[in-house]
Amino acid sequence: MPFTATAFETPGVDDVYWREEYAKICEDDAFLAQIVAQADLPTLLMALSAVTGDMTMLRPHLRPPFPPMDTVAHAHGGMSEAAQIEARALALEALKQLRDEGLNRPRPLDDAETRALIDFLTSDAGETDAEILTHEMDLAAKKLGAPGWKFDDVASDREFSVAVIGTGMSGIGAMYRLKQAGVPFTAFEKNPDVGGVWLANTYPGVRLDTPTFGYSFSFAQRADWPHAFATGSEIQDYARDIVARAGLRENIHFGVEVVSLKWDESTGYWDVVTRTGNDELAHHRFNAVISAVGQLERPNIPEIEGQSDFKGVRMHSARWNHDVELRGKRVAVIGTGASAYQIVPAIVGEVEHLTVFQRSGPWMVPAPNYYDDTPKAMRWLVEHVPCYGQWFRLSAFYQAATGRLHTAIIDPNWNREDSVSAKNLEVRESLTKILREQWKNHPEHLDKIVPTYPPGGKRMLRDNGVWAAALQRPNATLVTHPIVRFTETGLVTEDGVEHPVDVVVYATGFTAAEFLDPMEIRGVSGQTLKEYWKGDAKAWGGIAVPDFPNFFILLGPNTNYVVHGSQHFMMECAAEFAVESIHQVLRRGIKGIEVKQEVLDAFVERVDAENQRRAWGRSQISNWYKNRFGRVSQVWPFSHREYWQLTHDVDFDGDFKSH
Ligand SMILES: Cc1cc2nc3c(=O)[nH]c(=O)nc-3n(C[C@H](O)[C@H](O)[C@H](O)COP(=O)(O)OP(=O)(O)OC[C@H]3O[C@@H](n4cnc5c(N)ncnc54)[C@H](O)[C@@H]3O)c2cc1C
C-alpha cells in the first residue's frame, strides 16, 4: 500500500512516511496466533493499545524491565516468560478486534494515552525521557521537533537566508527543519548527490552496524525496511527518498564545495566562497551557516615507508574502485575496524589470498540476524497494524539511546587492565566465551583474537560468525605484527616477513579529529577556526564556538557515541538548536548570537571529566575518539537526556551574547 501523505500535506503529522491507512486483516485466528508468537511483544502491545484505545493492556507488570540490554538487547525488552505468555494472550485478542472491527487507521492519542505508552516502554520515564519520546513518537498528542514558529510571522520583512553545507544525514535534518519554519535556505553539496558517507562508501559488504530502525529520523519513520541492518545502498535510497518526499532537492546546489567563510561584523553576514568543478569561485552572503560536513569523510591513509614504490593497486575503503577485479588476486586489508569487518567476509570467497593486518582485535556483540531479511511476520505487522513500524522504531530508539552505557562506566576502585568494572568484566567474559567457541579448532590464535582492552574501549561490531569464519579460511591470514614498509610487490612486517599482495585496501578510517577541514572559517576577530582550535576541536554541544556567530556545527566535536546513543537523535537535537537560535536572532532583531567563552569552557570541563570515567577515555587505550593531545574530542559521555536538555533547555540570555 502506498504511503499517502507527507508532513507538509497532513496537518499535525510530522513524518514524511506517514500513512493514513493500512491493509485490512482478513487472516484466521491460527494465523494471527503465529504472528503474535513472532512479534516483539512490547511493540505489539503499544501498537495495539494505540489503535484500540484500550490502555488497560499496558499492565504495569508487563513493562519491559530496565535496562533493555547488557551485552545484547534482551528479547521482548527482558519481559519474563510469564509476562510474555500473558502479553501474547492480550495481543491475540486485540489483533482479532482489529480484524473484526476493521480497525486499519492510526488513531490520534491524547495526553494521558501518550504518557501511558511512554511509561510502559520506559518503566516510568522521568520528565526528560517523556519529552524525548514525545519527540520520537509519531502518534504523540503533542509531538515535539517541528519548530513552533514561522519565518513569515517573525521576520517577514527581513532579508535573511541560511547556508547549509553538506547534504548527508545531518544536512538533510537541518534542511527539513528550516523548511518547516519557512526560513529561506540554500544547501551546498560538493558531491553529485545527497547521502554523504552512504554515497561515498560502496565497498563490498557495506551496511549499518546499528539496527536499521534506530538509524532514522523522527520525521522520516520508514517502516518497510528490507533488512534488520540496512545495506549501504538502502540507506542511500532512504536519504534520497526523504529529500524527494520533503521537497528539499530544489534548494541544493550539487557539485559545489564551500571553501571559505568569513563573518562581516559590520553587516552581520557570512561571506561564503564556493568552488564548482571547473574551479570557478563565487561569493554568497548568508546570515547564518549550518555546517553539516561530517567527519568520516576524508580518508586516513597511514604513512608507511615505500608506499609509492608499490606496483599493485592501493585503495581506501571509502574510495572503492569497482573496476579493480579482486577475483584470483592476493589482497591485503589494513585494519580491523568497522569497515574491514564488513569487507573481509564479503571478499574472502573470491580472492586468491586475503591477508588481514590487525593492530587490535574488535569486540563484537552477537547479532545472529546481521545479514537477515526482515522476517515475514514483521513485514505482515508493518503492513496490517497501524504504526507498528513506528512503535518498533520507538522501542529500538529507546534501547539504542540507553544502550550499554552502564557497562562502560569506570569503577574507580577497579584495578584490572582488561575491564573497567564488575559489569564490564561480565560483558568481557560473555563475549570471550563466544570467541572461544568460534575459535575452538584454532585455540592457538585466541591471544590475537580476544582484545586486551576493555569492552567499550572502541566501537563494538555485530557478530553473526562471519568474521571468525572468514579468518579461519585456508586462504586467509591474520597478521598482528605491525607493518613497517611496502615493497614493490607487498608489505613487510616488523618480524621481517614479506607478505606478497596485488591489492592493498586501507580500512584505516578517517581524519576525524580535523573537524571541518579544509574549509577556512574566519570569525569576528579575524582568526580562523583552525587557529582557534589548534588541533583540539571544542564546541559547546558540539555546535557553537565563541567568535563565530550564527555558525552551527552538526555532529561536531563530542557528539559521537561508542556504546549508547543514536546518531540521528544527536543530529536532530543540534539542528533543532540551530533553528531555534535563528529564531532568537529574528525575534530579537539582532545580527547574530554567539556562545560565551566561559560557557564553552565549563562545558568542555564537564565533558572531559566524564569521558575520563568511561572505558574509551582510559589513557592506555588508543582509539580514533582521542585527538593527538589524547583528549576525547569525539564522544558524548553522558546519556541522551543530557544532550536533549543542553540543546532544548537553552539560556539564550545568559549563555549567549548578541551581535
Ligand atoms: C562506512 C560507514 C558506516 C557507518 N555506519 C554507521 C552505523 O551503522 N550507524 C551509525 O549510527 N553511524 C554510522 N556511520 C556514521 C555516519 O557518519 C553517520 O551516521 C552519518 O551518516 C553522518 O552524516 P553527516 O551528514 O553528519 O556526514 P556525512 O555523511 O559525512 O555528510 C557530509 C556531507 O558534506 C559534504 N561536504 C563536506 N564538506 C563540504 C564542503 N566544504 N562543501 C560542500 N559539501 C561538503 C560531503 O560531500 C557529504 O555529502 C557510518 C559511517 C561510515 C563512514
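**Remarks on the site of the ligand**
With respect to spatial proximity, 34 residues lie near the ligand, and among them Ser170, Glu189, Val197, Asp209 and Tyr215 are the closest. Here an oxygen atom of the ligand sits 3.4 Å away from a polar atom, N or O, in the side chain of Trp198. At a separation of 2.7 Å, an oxygen atom of the ligand approaches a polar side-chain atom of Tyr215. Across the complex, the protein chains shield 95% of the 990 Å² of accessible surface that the ligand would expose by itself. For the shell around the ligand, the secondary structure elements donating two or more residues are helix H7 (169-181), strand S2 (185-189), helix H8 (197-200), strand S4 (256-264) and helix H17 (567-588). It is S4 that contributes the most residues to the shell around the ligand, 3 residues altogether. Here the residues of the shell around the ligand are counted per class, giving 18 nonpolar, 10 polar and 6 charged.

**Considerations on H17**
An α-helix turns once every 3.6 residues. As a result, residues three or four positions apart point the same way. In this model, H17 (22 residues) spans 32 Å end to end at C-alpha, consistent with the 32 Å of a helix rising 1.5 Å per residue. Following H17 by one or two positions, Gly589 has its phi on the positive side, about 65°.

**Some points on the packing of aromatic side chains**
The tally for this structure, following the rule as stated, stands at 30 aromatic pairs. On the numbers, 5.5 Å between centres and 65° between planes, the contact of Trp263 with Trp270 is edge-to-face. Judged by relative accessible area, Trp270 falls into the buried class, the value being 0%. With a centroid separation of 5.8 Å and an interplanar angle of 40°, the aromatic rings of Phe577 and Phe656 are classed as tilted.

**What about the pairing of strand S5 (residues 269-276)?**
Sheet topology note: the S4/S5 ladder contains 8 bridges and is antiparallel. Looking across to S5, one finds that Trp263 is bridged to Trp270. Connecting S4 to the antiparallel partner S5 that follows it, the hairpin turn spans 4 residues, and Gly268 within it adopts a positive phi of roughly 75°. When S5 meets strand S6 (residues 281-286), the two strands line up antiparallel, connected through 6 bridges. Counted as the bridge partner of Arg275 is Leu281 from S6. Hairpin connection from S5 to S6: 4 residues lie between these consecutive antiparallel strands, with Asp279 at a positive phi of about 65°.

**What to know about the sheet that holds strand S16 (residues 498-500)**
Judged by pairing direction, the sheet is antiparallel, and its 3 strands sit side by side in the order S14-S15-S16 without closing on themselves. Lying at the two open borders of the sheet, with one neighbouring strand each, are strand S14 (483-486) and S16. When the angles between neighbouring strand axes are averaged without regard to direction, this sheet yields 25°. Of the strand pairs in this sheet, S14 and strand S15 (residues 490-493) are connected by 3 bridges, and their pairing is antiparallel. Residue pairing for S15: Ile483 is matched across the bridge by Thr493.

**Some thoughts on the side chain of Arg393**
Mapped onto the elements, Arg393 comes out in helix H12 (residues 388-402). Take Arg393: its relative accessible area is 2%, and that puts it in the buried class. Within polar-contact distance, the side chain of Arg393 engages the side chain of Ser216 at 2.7 Å. Ignoring sequence-local partners within four residues, the contact set of Arg393 consists of Glu136, Phe213, Ser216, Phe217, Ser218 and Gln221.

**Remarks on the environment of His61**
Relative to the assigned elements, His61 resides in the loop between helix H2 (41-52) and helix H3 (81-101). Sequence-wise, His61 and Ala30 are 31 residues apart; in three dimensions their C-alpha atoms are separated by 27 Å. Sequence-distant contacts of His61, that is, excluding residues within four places in its chain, are made with Ala83 and Glu86. A distance of 2.8 Å separates polar atoms of two side chains, one belonging to His61 and the other to Glu86.

Criteria and cut-off values
- Residues numbered from 1 in each chain as written.
- Predicted model: local features only at pLDDT ≥ 70, side-chain atom pairs only at ≥ 80, totals over all residues.
- Heavy atoms only, no water.
- Near = heavy atom within 4 Å.
- Polar contact = N/O pair within 3.5 Å; in protein donor to acceptor, adjacent residues only side chain to side chain.
- Areas by Shrake-Rupley, 256 points an atom, 1.4 Å probe, with all protein chains shown as cover.
- Helix = DSSP H or I, 4+ residues; strand = E, 2+ residues; numbered from the N terminus.
- Nonpolar A, V, L, I, M, F, W, Y, C, P; charged D, E, K, R; others polar.
- Expected span 1.5 Å × (residues − 1).
- Phe/Tyr/Trp six-rings, centres within 6.5 Å; stacked < 30°, edge-to-face > 60°.
- Buried < 20%, exposed > 50% of the residue type's maximum accessible area, 1.4 Å probe, protein only.
- Pairing = 2+ DSSP bridges.
- Axes fitted to C-alpha atoms, helices over the stretch in contact; angles between N-to-C directions.
- Contact = heavy atoms within 4.5 Å.

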